[in-house]
Amino acid sequence: MQASPNVPPMSAAQYAHDERPQRVVNDFSIQVATVNGSGSQTANIVLMRSIFQMGVPVSGKNLFPSNIAGLPTWFTIRASCEGYIGRKKEIDFCVAMNPETAQEDVMKLEPGAAVVYDAPLRLNELRHDLHFYPVPFDQLVGPVCPEPKLRKLVRNMIYDGVVAHLLGIDLEETRKALYKQFGERKRKAAEMNWGAVVAGRDYAAAHLEKTDPFAIEPMDRTAGKLIIEGNTAAALGCLFAGVTVLTWYPITPSSSLAEALIHYLGRYRHDGETGKATYAVVQAEDELASIGMAVGAGWAGARSMTCTSGPGISLMSEFIGLAYYAEIPVVIIDVQRVGPSTGLPTRTMQGDILSNALVSHGDTMHPVLFPSSPEECFTMAQAAFDLAEQFQTPVFVNMDLDLGMNNWMSDALPYPETPLQRGKVLTAADLERLGGFARYKDVDGDGVPYRTLPGTRHPKAAYFTRGTGHNEFAVYSEREDDWIQNMDRLARKLETVRGRLPAPDTQLAGGAKIGLVSAGTSRYAMEESRDQLSREYGVDASWLRLKAFPFPVELAGFIDRHDRVYVIDQNRDAQLLLLMRMNMSAERIAKLRSVRYYGGLPLDARTVTDSIVSQEGL
Amino acid sequence: MSTVPAAPKKVNRAGLEILPYRGGKTTLCAGCGHNAITERLIEAFWELGVEPWSVVKLSGIGCSSKTPAYFLSQSHGFNAVHGRAPAVSTGTLLANHQLRCVTVSGDGDTASIGIGHFMHMLRRNVPLIYIIENNGVYGLTKGQFSATADLGAKLKTGTVNQLQPVDCCLAGIEMGATLVARSFSGDKRQLSAILKASIAHNGLSVIDVISPCVTFNDHAGSTKSYAYMKDHDEPLHELDFVPAFEEIDVEFDEGESRVVEMHDGSKLVLHKLERDYDPSNRIHALEVLHEATRRDEVLTGIIYLDRTRPSFTEALNLVDAPLATLAEEQVRPSREILEQINEEFR
């Protein structure tokens, strides 16, 4: 192990044995343990935003159960002056509000961590190597919330005041964050909750002596940035892509994407004069129907989409194959989660990489986009509609629960600078000029045929759509040559798609022997892990971040440049690596190594670093 | 050389001969009831002068689902997946609510694999014509019972059905279809009038047509055979359809007939047979269906008609132009709006 020239701020673990801990500024994680359904989400977001508004990079991750109310939930806020917004394994500052989990929460902490807790829990008796701050929440909530029924909700806001005081968060920022969160319409509720924050602050100021080293100090690294969930950003991408038909079936973690889109469509997509909608949304009876409707709408010319998660993709697979063969545009956003059935529906996983790329029977292969940030959710949702219509095929946007449902710091969403790409659609006038058309003929040599839309007012417009064998004229055929010709054209079409997908983000380290390949949310662990490898082990690693499948031609060159290439997967079976192996030479395959994590939590840098260090024998 | 001019070919009010209303050559068995239904569809659309380009025809999988290839060659068609044509049809109409949609299915499609979609299409009152070509068996897989096979019906192999059949008309009335009819592929006049009424109807028409399978279900012991229907068909009324464009004053004896004005101004005439039947009475419609089943009768005619309930696409309050045709400026919000949204997240 080599010492890094840049000494990072100390973490709790490092100063555990130090008699006089240094200050740890803007580089630690806070975890709030509560019971779900207790309104803690609002308190947590207000706390996170307060830090964000002070200019400190943050991320917020909600670890919640599949339950409406009553089960434990944890919200982790990471403040990072370095701008690392991936998950950090160690918890430095714990707010223990849930009696069910409080003991375990405290026992798991590294020595030197701080604990704010509900005084009657007497957690201070458990350990002697932590900084304890008891707060009598029940005594404090009474005076600020006369209505007993609301106390459960308001009580949580008290810890915002306590934590703000202990960490040195500017209370004015907390106030702004709180009023922003409640909005104008809930002003009364905001005032009561603000009272709770102040009560917490006053209590802490009067009764708690700060002994821990953690502090927030103002920075300037968040100006102009947003705090937004990936699902919201993806929904906005669909909105600005001009989506006209959304058909969906509720499933965690994609439901909030559909609901955000419905919200924005309601706000911005009604005709100014008539009030009528320029979109249709249907909550279908199941995923079979939601994809069926989306395919029907795509066939008839709408910009249509559905959003779902892995179990939904399984149900949709027959229709997706039909859309592939019948060549119908449709956008499918898959917010991945763990497991089928009850599985771990509220945990994150890159579980559907293979299924997105290959789902359905016969030879099927689909373009897949891998956004890694809210900004990419926004731009790639738009790209997906353009690609689907240009190439008349289902296009996947492969997100995950971590990206979709957690709070991310993001650049402002950029206004689209290119017009909508509607693909090769012939109008009645075109047909008049051409004298007709052949639906599945490769006129331009790019594998992409021309189509007409139902309702086109011309006797030559109609054709018969089917999944089964057809010749270039869309006439039923079981002939061997027709089938092979069509399959080869579809393969050609996919090659054309490859060249039109978002290019990978490649960061080459001079002289690096090892390369890393990732997709999606692994990005954040990668950024931090590369720094850890460099700082702690003196190992420089290049990095190629894939943004789409079929994979770019650059991938082969990247592998060739390096002795070993680590492919990072958030699943057990190395799905991204397996997909890369398709159509890859034996020499390149031999260079691939796998780094996998499949515990259901967002990937953290240390897991990646440890795996690479172990495999490299460092 | 003869100079005798050819006789002018017969055209409909859209100025079209019947040819564009026909389709490819059928590949179904000779004598299949489905072919007769196809013929009635061709006639109905031609006689009413519906422009083929304004129609879409969809289907699932099965013998019945092949038939959209055999009519309306100038209409877009889509042979989708088994049981799920209601979903594809619904999506098609979301994209373009100006289209007229004919969805052809079978009893396997509707009453088994796709019953969930069928039920929800009924709930939504999706404005389309849903035809169930009902023969009680799976033909393409060689003769297994379907879910509409009657209690006690016998397969060629001798197997007797002991399960309760699904009655698609009962489901239609219960769940929200606004025109529900049953007919027999062999009854030209009745089926023709029902199809025309469904073209004139604004809402979901469910037409359950008993359509014998000559290969697998036309033997003694079958309850979906030609012979069985001949003995058990019990029409509720005789039907006439008078299109809106035929400026004929329809006068019928009130005691003998009911005249119902359809959405497009055409008239449906129900001539009384043994009793006066009011198809707008939902509870009564359910009663007569149950009663007929008890008596081993196949009740045919327009069993239920509701002209008031808004269709699904009406309820969605869509702009007048089809969503598929909206221009970019109608569907992509402005730069200012995005800036406003960005600000909300700062």
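Computed from a prediction, not measured in an experiment: that's the story for all the values here.

Cut-off values and rules
- Residues numbered from 1 in each chain as written.
- Chains lettered and ligands numbered in written order.
- Predicted model: local features only at pLDDT ≥ 70, side-chain atom pairs only at ≥ 80, totals over all residues.
- Heavy atoms only, no water.
- Helix = DSSP H or I, 4+ residues; strand = E, 2+ residues; numbered from the N terminus.
- Contact = heavy atoms within 4.5 Å.
- Areas by Shrake-Rupley, 256 points an atom, 1.4 Å probe, with all protein chains shown as cover.
- Phe/Tyr/Trp six-rings, centres within 6.5 Å; stacked < 30°, edge-to-face > 60°.
- Buried < 20%, exposed > 50% of the residue type's maximum accessible area, 1.4 Å probe, protein only.
- Lys NZ or Arg CZ within 6 Å of the ring centre and 35° of its normal.
- Pairing = 2+ DSSP bridges.
- Axes fitted to C-alpha atoms, helices over the stretch in contact; angles between N-to-C directions.
- pLDDT = per-residue confidence, 0-100.
- Domains from an automatic or database assignment.
- Buried area = accessible area lost by both parts, 1.4 Å probe.
- Salt bridge = Lys/Arg side-chain N within 4 Å of Asp/Glu carboxyl O.
- Polar contact = N/O pair within 3.5 Å; in protein donor to acceptor, adjacent residues only side chain to side chain.
- Disulfide = S-S within 2.5 Å.
- Nonpolar A, V, L, I, M, F, W, Y, C, P; charged D, E, K, R; others polar.

Trainee: Got a sec to walk through the overall build of chain B? Specific residues and values, please.
Mentor: The helix and strand inventory of chain B stands at twelve helices and 13 strands. If one aligns the C-alpha atoms of chain B with their principal axes, the spans along those axes are about 75 × 70 × 50 Å. Restricting the contact set of chain B to residue pairs at least 6 apart, pairs at least 24 apart contribute 70%. In the structure as shown, chain B presents an accessible area of about 14600 Å², 51% of it carried by carbon and sulfur atoms.

Trainee: Requested: an account of the side chain of Q31 of chain A, with residues and values cited.
Mentor: Relative to the elements of secondary structure, Q31 of chain A occurs in strand β2 (residues 27-35). Excluding residues that lie within four positions of it along the chain, Q31 of chain A makes contacts with W74, F75, T76, I91, F93, C94 and V95 of chain A.

Trainee: A description of the packing of aromatic side chains should follow, citing residues and the corresponding values.
Mentor: Summed over all chains, the structure comprises 13 aromatic pairs over all chains. Relative to F214 of chain A, the ring of F28 of chain A has its centre 5.2 Å away and its plane inclined at 50°; by these criteria the two rings are tilted. One end of the pair, F28 of chain A, is in strand β2; the other, F214 of chain A, is in strand β8 (residues 214-215), with 186 residues separating them in the sequence. F28 of chain A sits in the buried class, given a relative accessible area of 0%. Where Y325 of chain A meets W483 of chain A, the ring centres are 5.7 Å apart and the plane angle is 20°; that geometry is what we call stacked. Highlighted residues: Y325 of chain A in helix α10 (residues 310-326) and W483 of chain A in helix α15 (residues 480-499), separated in sequence by 158 residues. Positioned above the aromatic ring of F71 of chain B, the side-chain terminus of K57 of chain B is 5.6 Å from the ring centre.

Trainee: Lay out the sheet that holds strand β11 (residues 257-261) of chain B with the relevant residues and their values.
Mentor: Residues and elements named next belong to chain B. The three strands are arranged β10-β12-β11 in an open sheet whose pairing can be described as antiparallel. Taken across any chain shown, the strands that pair with only one partner, and hence form the sheet edges, are β10 (237-242) and β11. On average, adjacent strands in this sheet sit at an angle of 20° to one another, irrespective of strand direction. Bridge analysis of β11 against strand β12 (residues 267-272) gives five bridges, and the strand direction is antiparallel. Across the sheet, V259 pairs through a bridge with V269, a residue of β12. Its contacts with the sheet place helix α7 (residues 188-200) against β10 and β12, and it is angled at close to 50° to β10.

Trainee: Help me get a handle on the confidence of the model for chain A, residues and values and all.
Mentor: Close inspection of predicted coordinates is inappropriate in any region flagged by low pLDDT. Looking at chain A, pLDDT values average 94 and 97% of them are 70 or higher. Across residues 1-18 of chain A the pLDDT falls below 50, and counting only partners more than four positions away or on other chains, this stretch makes 29 contacts in the model.

Trainee: Can you break down the domain arrangement of chain A residue by residue, with the values?
Mentor: Residue and element names in this part refer to chain A. Each domain of chain A was delimited in the assignment, giving domain 1 (24-215), domain 2 (228-410), domain 3 (428-499) and domain 4 (505-616). Between the C-alpha centres of domain 2 and domain 3 there is a distance of 26 Å. In total, domain 2 and domain 3 occlude about 1700 Å² of area from one another, counting both sides; carbon and sulfur atoms represent 61% of this. Three residues stand out in domain 2 for area buried against domain 3, namely W299, Y325 and F391, and they jointly supply 37% of the buried area on that side. Taken together, domain 2 and domain 3 are joined by two salt bridges. E327 serves as the salt-bridge partner of R489, at 2.4 Å between the closest nitrogen and oxygen. If you look at where domain 2 meets domain 3, you find ten residue pairs in polar contact (both at pLDDT 80 or more). Listing elements by their share of the side of domain 2 that touches domain 3, those giving two or more residues are α9 (287-299), α10 and α12 (374-391).

Trainee: An account of the state of the cysteines is needed here, citing residue identities and associated values.
Mentor: Enumeration over the complete set of coordinates arrives at zero disulfides over all chains. Unpaired in this structure, C32 of chain B has its nearest cysteine sulfur neighbour in C29 of chain B, at a distance of 6.3 Å.

Trainee: Any details on the sheet that holds strand β14 (residues 368-369) of chain A? Residues and values, ideally.
Mentor: The pairing of strands in a sheet happens through backbone hydrogen bonds and is either parallel or antiparallel. Residues and elements named next belong to chain A. With mixed pairing, seven strands are arranged side by side in an open sheet as β11-β10-β12-β13-β15-β14-β21. For this open sheet the edge positions go to β11 (280-283) and β21 (548-549), each flanked by a neighbour on one side alone. Along the sheet face, α9 touches β10 (245-248), β11, β12 (304-308) and β13 (330-336) and points at about 160° away from the line of β12.

Trainee: Tell me about the interface of chain B and chain A, and please be specific about residues and values.
Mentor: Across the contact, 55 residues belong to chain B and 75 residues belong to chain A. Taken over both partners, the interface formed by chain B and chain A buries close to 5300 Å², and the fraction arising from carbon and sulfur atoms is 64%. Its largest share of buried area at the contact with chain A, chain B owes to H76, R332 and F345 of chain B, together 15% of the area lost on that side. E51 of chain B is paired through a salt bridge with R457 of chain A; the nearest N and O atoms lie 3.4 Å apart. Applying the counting criterion to the chain B and chain A interface returns 28 residue pairs in polar contact (both at pLDDT 80 or more). Taken together, the elements giving at least two residues each to the side of chain B that touches chain A come down to β1 (55-59), β2 (76-79), α3 (85-95), α5 (115-124), α11 (328-331) and α12 (335-344) of chain B. Among the elements that make up the side of chain B that touches chain A, the one with the highest residue count is α12 of chain B (eight residues). Residue composition of the side of chain B that touches chain A, by class: 26 nonpolar, 18 polar and eleven charged. Direction of pairing for strand β17 (residues 464-466) of chain A relative to β2 of chain B: parallel, over a ladder of three bridges. Within β2 of chain B, the position partnered with F464 of chain A by the bridge is G77 of chain B.

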